[in-house]
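A structural walkthrough
Next come the chains, spelled out residue by residue.
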Amino acid sequence: MFYRFDKLVYVGINSDRESQLQVLKAITAKFHLGPDISLEAVVSGCPGQLSGADLYALCSEAMTAAIRRKISLIADGLDSEDSPLLLSAEDFSVALKNLQPSVSDHDLLNYRHIQQQFAAK
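Residues numbered from 1 in each chain as written. Predicted model: local features only at pLDDT ≥ 70, side-chain atom pairs only at ≥ 80, totals over all residues. Heavy atoms only, no water.

Here's the deal with the packing of helix α1 (residues 17–27) against helix α3 (residues 52–75)
Put simply, α1 and α3 touch, their axes get as near as 10 Å, and they point 50 degrees apart. On the basis of the axis angle, α1 is oblique to α3. As α1 runs across α3, the sense of the crossing is right-handed. Of the residues in α3, those touching α1 at Q20, V23, L24 and I27 are G52, L55, Y56 and C59. Split by residue class, the contact of α1 with α3 holds 6 nonpolar, 2 polar and no charged. (Axes fitted to C-alpha atoms, helices over the stretch in contact; angles between N-to-C directions. Helix = DSSP H or I, 4+ residues; strand = E, 2+ residues; numbered from the N terminus. Parallel < 35°, antiparallel > 145°, perpendicular 65-115°, else oblique. Left-handed = near helix turned anticlockwise from the far one by under 90°. Contact = heavy atoms within 4.5 Å. Nonpolar A, V, L, I, M, F, W, Y, C, P; charged D, E, K, R; others polar.)

Comments concerning the side chain of Q49
Tracing the sequence through the fold places Q49 in the loop between α2 (39–44) and α3. A distance of 3.2 Å separates a polar atom in the side chain of Q49 from a polar atom in the side chain of D105. Not counting residues within four places of it along the chain, the set of residues in contact with Q49 comprises I13, Q20, D54, P101, V103, D105 and L108. (Polar contact = N/O pair within 3.5 Å; in protein donor to acceptor, adjacent residues only side chain to side chain.)

What about the nonpolar core?
Across soluble globular proteins, you tend to see nonpolar side chains buried next to one another. With 18 residues, the main nonpolar core has L24, L58 and F92 as its most contacted residues. Of all elements in the fold, only α1, α2, α3 and α4 (89–98) reach the threshold of two or more residues within this core. For this core, the element with the highest residue contribution is α3, accounting for 5 residues. Excluding its chain neighbours within four sequence positions, the residues that come into contact with F92 are T28, L33, I37, V42, L58, C59, A62 and L87. (Core = buried A, V, L, I, M, F, W, Y, C linked by side-chain atoms within 4.5 Å. Buried < 20%, exposed > 50% of the residue type's maximum accessible area, 1.4 Å probe, protein only.)

Structure below.
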């Protein structure tokens, strides 16, 4: 007979801009960022309650926008496949327009309430 022991662990989200910036820097470490990119500006344009997965989704969307832009430039004869794919500030702007935080304000309040309940025990 097997038994399971379940434990609820509240990790939290990156609610302050500095921790969001650190996560964004880690995610984009291997990306080729254009000279017009300011990760600080990207973070300041983000909603406050973003998880690491949300920031990853943001970067994924920005990369998709950069790929679309590159394909268009190649088709127009303005770029080549040999040049590096650079993410631009505009790519992140496009991605931010579609970003939906995975944790709503209501969910966040519920998680904090649960955390306080279990922290008191």
